[in-house]
Amino acid sequence: MSDFELELRSFAVSGANFGDRSYWHDGQLVIDRETVAGLVLADSRVVRVDLDLVNPGEDVRIVHVRDVIQPRTKTAGRGHAYPAIAGHSPETVGGGATDCLEGFAVMICADVPHQIRREVSAAADSLVDMTGPGAVTVYSRLRYLVLTMETMPDLPLSSWNDALREAAHRVADHLASTTAGQTPTSSRRFALPPASGLPKLVHVHTLNASMVPGIGTSIYGYARHALPLLLHPNEILDGAIAGDAVVTYPGSCTWIQVNNPVLTALYDRHGVDFDWLGCIVSRTRWGAAVEKELSAYQTVKLAQMLGAEAALVTWNHGGNDLLEVMLTIQGLEKAGIKSVFLTIESDIKVVRLTPELAETGTDEPPLLFSVPEANAIVSTGTLAPETALPAVSRVVGGSDIVFDQERPEYRTPAAGPLDLEALSGAYSPIFGHFDNYGLGAQTYVDF
Amino acid sequence: MISALPKLAMQAGANRVVQGVKIEHVCGDPMLPPEGDRRLRRRIVETALAALQSAVTQPTLFEVR
């Protein structure tokens, strides 16, 4: 077996309940509340936790969502799932076997301490509605164990992030271990044997890095801006790219990294339509124009050295990140590497999408910046509810929402109706609304 | 306009664009000693003032000297 041959064993969760011990049997996940609470509170920085189970279709609104983590565990092969964060080994992952709980996730919820709201505008509030017009993202279709955590006051940013994230990973590791030795619901082998004679394709997986050092998505725990890196897709399936508990921009969520449909779609066609060489992960949101250019040049160079003839370019964010993405596409095309770009229509002001707006768009361009070489673009659209969100009967994760990060003292009761367009200004607070990889529930047909 | 991202500013149609330093600090560089930062800031503003007095027919980039 090669170092990068991975058996991903999925254990479907069709129901989850609390019980007196944690186990998985025949699609039912039973969770021992006391064990989980003990794991969360094992770190004295976390002073309180509420545990809630939430299912798709329930009249529930989850608020203060900070991250979503799918329980995954290595059962054979090197390293630890979600390596190099939360105390896990930094050893290279991507081979052997990994068990995962399918359709289920551990969700981190926490109100943002005042000083962190002031420090990080990206530590904004977000929500997930499990039913109704706001249930437009993939996050309305998962079952959750929600950990609503309160931390010691005045934790510095990095410590707050670590405390929340480490607690959630302790719980995720515990739940992932419940499937040990059992027969999975389904299983798939992921490997990239050479497929000679087919066009060589690379996935240029651009990935936002936070302008605030130490937070945001990380690669093997490394969150800062850095030059592009080659990853085997199986490393990503094993959690080499992870989110944090601070930045709530949709593309930074941990769940989406390991469930990125781009990876499985490329695997489906490897050896059939092309020879997939792997993923070049390029960080975006550099602060200086010259850094953006450098990152684009180096990404193109790696693609050339790999012998790529074609590239699928994706991104996980919005805004000025598009500069280096577009410069990369320009460079790839100039180097003779045919490129296709998969993107949201990054018009972030669409908080409410009416049929008229879906038809005509706003008066803003769908992309902030473009180059003539970007002539093959696939749109995943813009996710937004058609109407205001109705009141709900149960709220999990907190009781109110801050819509304006500049004015955290203004709080809106979370259970009531929410006219997002009136309340939230530029950014949609719906967790996952940047549907960069096309997993949302809305299609053009809906409009 | 003074912009950290002139390509974006020019594509948006800004006529006179002065190359700024970085998104986080467009008009200066806190990594420099205070006197160096002051000189840089002055050069950027002087470039912008010179740009304002230049006739242009299309979006034009002015490098800070």
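Parameters at a glance
Residues numbered from 1 in each chain as written. Chains lettered and ligands numbered in written order. Predicted model: local features only at pLDDT ≥ 70, side-chain atom pairs only at ≥ 80, totals over all residues. Helix = DSSP H or I, 4+ residues; strand = E, 2+ residues; numbered from the N terminus. Rg over C-alpha atoms; globule rule 2.2 N^0.38 Å. Buried ≥ 20, exposed ≤ 12 C-beta atoms within 10 Å, placed from the backbone. Contact = placed C-beta atoms within 7 Å. Pairing = 2+ DSSP bridges. Axes fitted to C-alpha atoms, helices over the stretch in contact; angles between N-to-C directions. Nonpolar A, V, L, I, M, F, W, Y, C, P; charged D, E, K, R; others polar. Expected span 1.5 Å × (residues − 1). pLDDT = per-residue confidence, 0-100. Parallel < 35°, antiparallel > 145°, perpendicular 65-115°, else oblique. Left-handed = near helix turned anticlockwise from the far one by under 90°. Core = buried A, V, L, I, M, F, W, Y, C linked by C-beta atoms within 7 Å.

Let's shift gears to the overall build of chain B. Counting its regular elements, chain B contains two helices and three strands. When the elements of chain B are put in sequence order from the N terminus, they spell out β-α-β-α-β. Since a compact globule built from 65 residues should have a radius of gyration of about 11 Å, the 12 Å found for chain B is in line with a globular shape. Dimensions of chain B, computed from the C-alpha atoms along their principal axes, are close to 40 × 25 × 10 Å.

Regarding its fold elements, chain A presents 10 helices and 24 strands. Here the C-alpha radius of gyration of chain A, 21 Å, is about what a compact globule of 447 residues would show, namely 22 Å. The dimensions of chain A, computed from C-alpha atoms along their principal axes, are 55 × 55 × 45 Å. Put simply, chain A has 447 residues, and 52% of those count as buried. Taking all contacts inside chain A whose residues are at least 6 apart in sequence as the whole, residues at least 24 apart take part in 79%.

Turning our eyes to something else, we now look at the sheet that holds strand β4 (residues 28-32) of chain A. Residue and element names in this part refer to chain A. Read from one edge of the open sheet, three strands run β2-β4-β3, paired in mixed fashion. The two strands at the open ends of the sheet, each matched to only one other strand, are β2 (15-19) and β3 (23-25). Here the strands of the sheet are splayed against their neighbours by 20° on average, with no regard to which way each runs.

Residues and elements named next belong to chain A. Of all the 10 residues making up strand β18 (residues 275-284), 10 are buried; the element is thus mostly covered by neighbouring parts of the structure. As judged from the nine bridges shared by strand β14 (residues 200-208) and β18, these two strands associate in the parallel manner. Each residue of the ladder has a partner; that of T206, found in β18, is S282.

This next bit is on the environment of G432 of chain A. Residues and elements named next belong to chain A. By the secondary structure assignment, G432 is in the segment after α10 (420-424). When the 26 C-beta atoms within 10 Å are taken as the criterion, G432 is described as buried. Considered as a pair, G432 and V204 are 228 residues apart in the sequence and their alpha carbons are 21 Å apart. Non-local contacts of G432, meaning those with residues more than four positions away in its chain, are made with T137, V138, Y139, P250 and C253.

Take the interface of chain A and chain B next. On the side of chain B, nine residues touch chain A, which itself brings eight residues to the contact. The class makeup of the residues in the side of chain A that touches chain B is six nonpolar, two polar and no charged.

Here we come to helix α3 (residues 157-176) of chain A. The end-to-end C-alpha distance of α3 of chain A, which contains 20 residues, comes to 28 Å, matching closely the 28 Å that a straight helix rising 1.5 Å per residue would cover. In terms of burial, α3 of chain A is a largely internal element, 15 of the 20 residues being buried.

All names here are of chain B. Mean pLDDT over chain B stands at 96; residues scoring 70 or higher make up 100%. Per-element mean pLDDT across chain B ranges from 95 in helix α1 (residues 6-11) up to 98 in strand β2 (residues 16-19). Taken over the whole predicted complex, pTM reads 0.95, whereas the ipTM for its chain interfaces reads 0.91.

To continue, consider the sheet that holds strand β6 (residues 60-63) of chain A. Residue and element names in this part refer to chain A. Taken together, three strands build an open sheet; the order of strands is β11-β6-β22 and the sheet is mixed. Of all the strands in the sheet, the pair left with one neighbour each is β11 (127-129) and β22 (394-396). Adjacent strand axes in the sheet meet at a mean angle of 20°, parallel and antiparallel pairs treated alike. Pairing geometry for β6 and β11, over three bridges, is antiparallel. Counterpart to R61 in the pairing with β11 is D129.

So, on to helix α8 (residues 321-334) of chain A. With 14 residues, α8 of chain A extends 20 Å between its outermost C-alpha atoms, agreeing within 8% with the 20 Å of an ideal straight helix rising 1.5 Å per residue. Along α8 of chain A, 11 of the 14 residues are buried, which leaves the element largely enclosed by surrounding structure. The complete set of buried residues in α8 of chain A reads D321, L322, L323, E324, V325, M326, L327, T328, I329, G331 and L332 of chain A. Buried residues along α8 of chain A sit against β14, β18, α7 (289-305), β19 (310-314) and β20 (338-343) of chain A together with α1 of chain B.

Mapped onto the elements of the fold, T387 of chain A is located in the loop between β21 (377-379) and β22. A sequence separation of 63 residues divides T387 of chain A from E324 of chain A, and the C-alpha atoms of the two residues are 35 Å apart.

Residues and elements named next belong to chain A. Their axes nearest at 8 Å, the elements α7 and α8 cross at an angle of 40°. If you check the angle between α7 and α8, you find them oblique. The element α7 and its partner α8 pack so that their crossing is right-handed. Across from K292, E293, S295, A296, Y297, T299, V300 and A303 in α7, the residues of α8 making contact are L323, E324, L327, T328, G331 and L332. Its residues assigned to classes, the contact of α7 with α8 shows seven nonpolar, four polar and three charged.

Take the nonpolar core next. In summary, soluble globular proteins display a tendency toward joint burial of nonpolar side chains. Residues I62, V106, M107, L147, V171, A303 and A311 of chain A are the most contacted members of the largest nonpolar core, which totals 139 residues. Considering each element in turn, this core owes the most residues, nine residues, to α3 of chain A.

Let's shift gears to unusual backbone geometry. Residue and element names in this part refer to chain A. Backbone geometry places D26, a non-glycine residue, at a positive phi of 50°. Considering the arrangement of structural elements, one finds D26 in the loop between β3 and β4. Owing to 10 C-beta atoms within 10 Å, D26 belongs among the exposed residues under this scheme. Backbone geometry places H64, a non-glycine residue, at a positive phi of 60°. Looking at the secondary structure, you find H64 in the loop between β6 and β7 (65-69).

All names here are of chain A. Viewed as axis vectors pointing N to C, helix α1 (residues 33-40) and α3 meet at an angle of 145°, and their least axial separation amounts to 8 Å. In this structure, the crossing between α1 and α3 has a hand that is right-handed. Between α1 and α3, the contacting residues are T35, V36, L39 and V40 on the first element and A167, R170, V171 and H174 on the second.

As a further point, take the environment of L52 of chain B. Residue and element names in this part refer to chain B. Its location among the elements puts L52 in helix α2 (residues 34-52). Accessibility expressed as a C-beta count within 10 Å gives 10 for L52, which makes it exposed. A C-alpha to C-alpha distance of 10 Å links L52 and V18, two positions 34 residues apart in sequence.

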